[in-house]
Amino acid sequence: MVRAAEAAAVRDDLPAAENGIYVAVTGRPGEPLAFDSLSRPSDGIELVGAFQRDGHLEATVFVPVEAKDRFPKLVEEYRAKNVTRDGVDTGKPRNRRLVEGIQAFRLAALSDLWADDPQLFPQAGVSFRWETWLRANTLDRFRAEAKRFGLSLGPAPLHFPETDVVLVHATPEQMADLSDRTLCVALVRRSSTTADFFDSLPAPDQADHVCELLGRIRTRPPEHVRATVCLLDTGVNAGHPLLSPFIDPTDCYAVEPAWGPTDTRGHGTELAGVAVYGDLTAVLDGAGTVDVPHRLESVKIIPPRGATEYDQLGSVTQSAVEYAEFIGADRQRVYCLATTTDEDTPHDGFPSAWSSVVDQLAAGIGVPGHDQRLFCVSGGNIRAQNITVSAYPSANDEAEIETPGQAWNAITVGAYTDKIVITDGSLAGWRPLAAQGDLCPDSRCGCWEGGWPIKPEIVLEGGNRAIHPSDGIGYSVPDLGILTTSKDHPVPSFATTRATSPATAEAARLAALISDAYPDLWPETVRALVVGSSSWTPAMVRHLPPVPQKSDYGRLLRRYGYGVPDLDRALRSVSNCLSLIAQDSLQPYRWSERSRGAVINEMKLYELPWPRKALLSLQTTEVTMRVTLSYFVEPNPSETARGRKLRYASHGLRFKVIRPDEAVDEFRARINRAAAEEVGGTASRGSDSQSWLIGSQQRDVGSIHSDIWRGPASDLARRSIIAVHPVGGWWKERAHLDRWASSARFALVVTIDAGDVDVDIHTPVATMVANMTAVQT
């Protein structure tokens, strides 16, 4: 153990006082173990666990490197010295009570921190939901390292005087590595709370949980609410006690008054629960305050019985938006549209009337007010009843996004899953179909090629399916679903839902939280923050070959979009990771008498306030820059009907970053060449650095473009100018429609991340930005 402690001492990523080893202490069979003597606060030695194991007692202690010799000295004193009283030798060895109760010391493994039945310790390689008890004041370090490992943590840690408790999704190997790296873990237990636990409770017990949660909810007065999620669905039963604090019955409408605003189908009320809380399982399983800053409203667009005619879906959606905004004109909304149709499938990415209406509404066209709007729409679900383990995920890859999910201006949402725990005793031998962090078995993908947008842009939790042990078919079970509010409250209060509908409601919730935190942001900017904060999970990345090419990342994009959004990253900059946001506009085209037509007009160049000194000090340390450009286009679906699909969009915008040592005039010339090539119908050549993960040929489609640059910090320090420039669109090509002089808004979000390096890049940038503002005012 001393050698292990000496080896640990060479670590330089932890302060010396926090460095150490875990030691397992085995007691003698049938004899007491002096647990209180094992804890020695003066030496920094902590008793982190005490256990009864098979007829003997065991303990696990954390021993700082600086106290590595303490236990050997206690044993040596036992052998060599007796206790004295008033200077008289008593004949009793020192430390007798402690030493004589100990059979052995050894280095502790993760299983020595396991506080449940040893037979229930997770199998190697199997992902598991660990209830993790942390040593005092180590939560922040544990969170940061878990994120670096790519591990998913539960949303609501529990805080106690000397410990914090957090849920971790990991294999035993990952958990052991995380424990060894952080030295934060005190105990681990199994956490078996799933949606089925609450869903299967009798109605009175469910009502008790509803009352308990209501006591933890913190709301805002309606006049102080800055964001609203507007559900376009089957209606909402606003009397549910978990929904009534956030939705007034007068904010529930129907496009056809005869339908009434209430929800008889259940879908809309289920979405409402997710749009407020996310998955209720984690919320009910937690104990902290639940702060919900936004509100809900509902416009019923689906009749109580039957279905809306396919050719009426666009006009119904437009009427719903007009109705909502007429009643509450001053609200900052995120629209949630989680219903799709397969009546035009396959469409190969071509716009439909419904998707074009969504694009128009997002661009501020078609409804009075002319304000841009943010839509979160579903990518649609696999409609086959039997989803088999042998067909997954190839069947998903071949099932294209359904209408209106191909809308350019919407955030189209697919589904992934972290749900793999099956607790239902009647499902012995069943196992989850999808691996943790991989595609939800119900989710459809953007399987088209060419110039159509990347869809879905993001994926969020959509639940999993359980495989029957004999037939290999995946079935929907409550354990693997998302817990939400039931239309039939109080019998029952809860329901489970799955697939892309709850994922879409969760996307709308995240967008509303961002809008609440930053009420001055445009819908285009909120979309940029949601997409730009997204990343692929380890399970998704495992589908890449050992040496991936850009085309391999293209396949990931078509299945998962840009990945799973990170709300913390979207909302906050920290010392070693910051985001810069620009909201601006330009006029893409102007009239040229010489050409007798519209031509490219202007570009915008931004000098980034890079912390050059901090970056140059990092030398060759790899850093990351992510650039996300978001704008809304005015659709012209008639152009696609003429076979000119690249003219569907009114305009296109692109971003370019200056190269190290490239003069500004050279940069402008490179942009002009690239724009001319794209307007001429050819892909830009030689304009894309190999350091970009996705590359211009794959990212420059649709109306949101996001890419990641990785390279030496010193290289990034010399990439201090970014440009936004126009390419072609029907405003230019159809000049006789007199739209060529229109202005185009855009949002540009640039994030730099120094990873685990201890460097402050936030403060110097904040200082520069403050000085820039002072000069401008």
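Everything that follows concerns the structure shown earlier in this document.
First, a word on scope: everything that follows refers to the structure included in this document.

Comments concerning the overall build of the protein chain
The number of helices and strands found in the protein chain is 25 helices and 36 strands. Along the first, second and third principal axes, the C-alpha atoms of the protein chain reach 110 × 65 × 55 Å. Taken across its 777 residues, the protein chain has 55% of its residues classed as buried. Contacts in the protein chain between residues at least 24 apart in sequence constitute 78% of all its contacts with a sequence separation of at least 6. A total of about 32800 Å² of accessible surface is found on the protein chain, and carbon and sulfur atoms cover 50% of it. Counting 79 positive and 99 negative side-chain charges, the protein chain places the centres of these two groups 4 Å from one another.

Regarding the nonpolar core
Counting residues in each nonpolar core, the largest one holds 85 residues, and the members touching the most others are Leu213, Tyr277 and Leu280. Examining the composition of this core, we find that eight residues originate from one element, helix H14 (residues 500–517), more than from any other. Leu280 has contacts with Leu213, Leu242, Leu483, Thr484, Thr485 and Phe494, leaving out every residue within four places of it along the chain. In this structure, Leu580, Ala582, Leu586 and Val750 belong to the second largest nonpolar core, which totals 40 residues.

Details of the packing of aromatic side chains
The full count for this structure, using the stated rule, is 18 aromatic pairs. An angle of 55° between the planes, with centres 5.8 Å apart, marks the rings of Phe655 and Trp692 as tilted. In this pair, Phe655 sits in strand E33 (residues 652–657) while Trp692 sits in the loop between helix H21 (664–679) and helix H22 (696–699), placing the two residues 37 residues apart along the sequence. Taken individually, Phe655 and Trp692 each receive the classification buried, so the pair is uniform in this respect. Each member of the aromatic cluster is reached from another via a ring pair, and the members are Phe350, Trp408, Trp452 and Tyr648. Over the ring of Phe62 we find Arg135, and its NZ or CZ is 3.8 Å from the ring centre. Above the face of the Trp692 ring, Arg699 is positioned so that its terminal group lies 5.1 Å from the ring centre.

A look at the side chain of Arg135
Tracing the sequence through the fold places Arg135 in the loop between strand E7 (128–134) and helix H5 (139–149). Its relative accessible area of 9% is what places Arg135 among the buried residues. Looking at Arg135, its side chain comes within polar contact range of the main-chain oxygen of Leu183, at 2.4 Å. If we ignore the near neighbours within four places in the chain, the residues touching Arg135 are Tyr22, Glu46, Val48, Phe62, Arg141, Glu162, Leu183, Cys184, Val185 and Ala186.

Focus: the environment of Leu110
Summarising the element assignment, Leu110 is placed in the loop between strand E6 (102–107) and E7. Residue Leu110 is classed as buried on the basis of its relative accessible area of 9%. Each C-alpha atom, one on Leu110 and one on Ser533, is 33 Å from the other, the two residues being 423 residues apart in sequence. Aside from chain neighbours lying at most four places away, what touches Leu110 is Phe121, Trp130, Pro172, Met175, Ala176 and Val188.

Thoughts on the packing of helix H11 (residues 313–327) against helix H12 (residues 353–362)
Put simply, H11 and H12 touch, their axes get as near as 8 Å, and they point 25° apart. Between H11 and H12, the crossing angle belongs to the class labelled roughly parallel. For the element pair H11 and H12, the recorded crossing hand is right-handed. Counting all contacts with H11, which are made through Leu313, Gly314, Thr317, Gln318 and Val321, the residues of H12 involved are Trp354, Val357 and Leu361. Tallied by class, residues from the contact of H11 with H12 come to five nonpolar, three polar and no charged.

A few points about H12
Across the 10 residues that make up H12, a large majority, eight, are buried. Turning to H12, its buried residues number three or more, namely Trp354, Ser355, Ser356, Val357, Val358, Asp359, Leu361 and Ala362. One or two residues past the end of H12 sits Gly364, with phi positive at roughly 90°.

Examining the sheet that holds strand E3 (residues 56–64)
The strand order E2-E3-E1-E6 describes an open sheet built from four strands, whose pairing is antiparallel. Whereas interior strands pair on both sides, the edge strands pair on one side only; in this sheet they are strand E2 (46–53) and E6. The average angle at which neighbouring strand axes cross in this sheet is 20°, direction not considered. Pairing analysis gives seven bridges linking E2 to E3, with the strands arranged antiparallel. Looking across to E3, one finds that Ala50 is bridged to Ala59.

A few points about the environment of Glu322
Along the chain, Glu322 turns up in helix H11. A relative accessible area of 36% places Glu322 in the partly exposed class. Distance in space between the C-alpha atoms of Glu322 and Leu361 is 9.7 Å, their sequence separation being 39 residues. Discounting residues that sit within four places of it in the chain, Glu322 has contacts with Val367 and Pro368.

Side note on the environment of Val623
Looking at the element boundaries, Val623 is found in strand E32 (residues 622–630). The class of Val623 is buried, set by a relative accessible area of 2%. Between the C-alpha atoms of Val623 and Glu677, which are 54 residues apart in sequence, the distance is 31 Å. With near-sequence residues (within four places) excluded, Val623 lies in contact with Leu618, Trp709, Arg710, Gly711, Pro712, Ala713, Leu716, Asp753 and Ala754.

Concerning the sheet that holds strand E34 (residues 704–712)
Taken in spatial order, the four strands of this open sheet run E28-E36-E32-E34, and their pairing is antiparallel. Looking at strand neighbours, the two that pair on one side only are strand E28 (577–586) and E34, the edges of this open sheet. Averaged over all pairs of adjacent strands, the angle between strand axes in this sheet comes to 15°, irrespective of strand direction. When E32 meets strand E36 (residues 744–753), the two strands line up antiparallel, connected through seven bridges.

Details of H11
Taking 1.5 Å of rise per residue, the 15 residues of H11 would be expected to cover 21 Å, and the 21 Å separating its terminal C-alpha atoms lies within 8% of that figure. Each element contacted by the buried residues of H11 is listed here: strand E13 (228–233), strand E14 (252–254), strand E16 (295–300), strand E17 (333–337), H12 and strand E18 (374–378).

Details of the pattern of salt bridges
Using the criterion set out here, one finds 40 salt bridges in the structure. Put simply, Arg331 and Glu297 hold a salt bridge, and the shortest N to O gap is 2.6 Å. Within this pair, whereas Arg331 is found in the loop between H11 and E17, its partner Glu297 is found in strand E16, the two being separated by 34 residues in sequence. Relative accessible area serves as the criterion here: at 30%, Arg331 is assigned to the partly exposed category. The closest approach of N and O atoms between Lys487 and Asp488, which form a salt bridge, is 2.8 Å. Ionic contacts of the salt-bridge type, sharing partners, join the residues Arg654, Glu678, Arg699, Asp700 and Asp707 into one network.

A closer look at a nonpolar patch on the surface
The grouping of Tyr323, Phe326 and Ile327 at the surface amounts to a nonpolar patch, some 350 Å² of accessible area in total. Among the secondary structure elements, Phe326 is positioned in helix H11. For Phe326, a relative accessible area of 72% puts it in the exposed group.

Points about the pairing of strand E10 (residues 163–170)
The element E10 is extensively covered by neighbouring structure, given that eight of its eight residues are classed as buried. Residues Thr163, Val165, Leu167 and His169 of E10 are buried on one face, and the alternating residues Asp164, Val166, Val168 and Ala170, pointing to the opposite face, are buried as well. Note that E7 and E10 share six bridges and pair antiparallel. Across the sheet, Glu131 pairs through a bridge with Leu167, a residue of E10. Here strand E8 (residues 152–153) runs beside E10; their pairing, made up of two bridges, is antiparallel. Looking across to E10, one finds that Leu153 is bridged to Val168.

Rules used throughout
Residues numbered from 1 in each chain as written. Predicted model: local features only at pLDDT ≥ 70, side-chain atom pairs only at ≥ 80, totals over all residues. Heavy atoms only, no water. Helix = DSSP H or I, 4+ residues; strand = E, 2+ residues; numbered from the N terminus. Buried < 20%, exposed > 50% of the residue type's maximum accessible area, 1.4 Å probe, protein only. Contact = heavy atoms within 4.5 Å. Areas by Shrake-Rupley, 256 points an atom, 1.4 Å probe, with all protein chains shown as cover. Lys, Arg positive; Asp, Glu negative; His and termini not counted. Charge placed at Lys NZ, Arg CZ, Asp CG, Glu CD. Core = buried A, V, L, I, M, F, W, Y, C linked by side-chain atoms within 4.5 Å. Phe/Tyr/Trp six-rings, centres within 6.5 Å; stacked < 30°, edge-to-face > 60°. Lys NZ or Arg CZ within 6 Å of the ring centre and 35° of its normal. Polar contact = N/O pair within 3.5 Å; in protein donor to acceptor, adjacent residues only side chain to side chain. Axes fitted to C-alpha atoms, helices over the stretch in contact; angles between N-to-C directions. Parallel < 35°, antiparallel > 145°, perpendicular 65-115°, else oblique. Left-handed = near helix turned anticlockwise from the far one by under 90°. Nonpolar A, V, L, I, M, F, W, Y, C, P; charged D, E, K, R; others polar. Pairing = 2+ DSSP bridges. Expected span 1.5 Å × (residues − 1). Salt bridge = Lys/Arg side-chain N within 4 Å of Asp/Glu carboxyl O. Patch = residues over 30% accessible without salt bridge, like charges linked within 9 Å, V, L, I, M, F, W, Y side chains within 5 Å.

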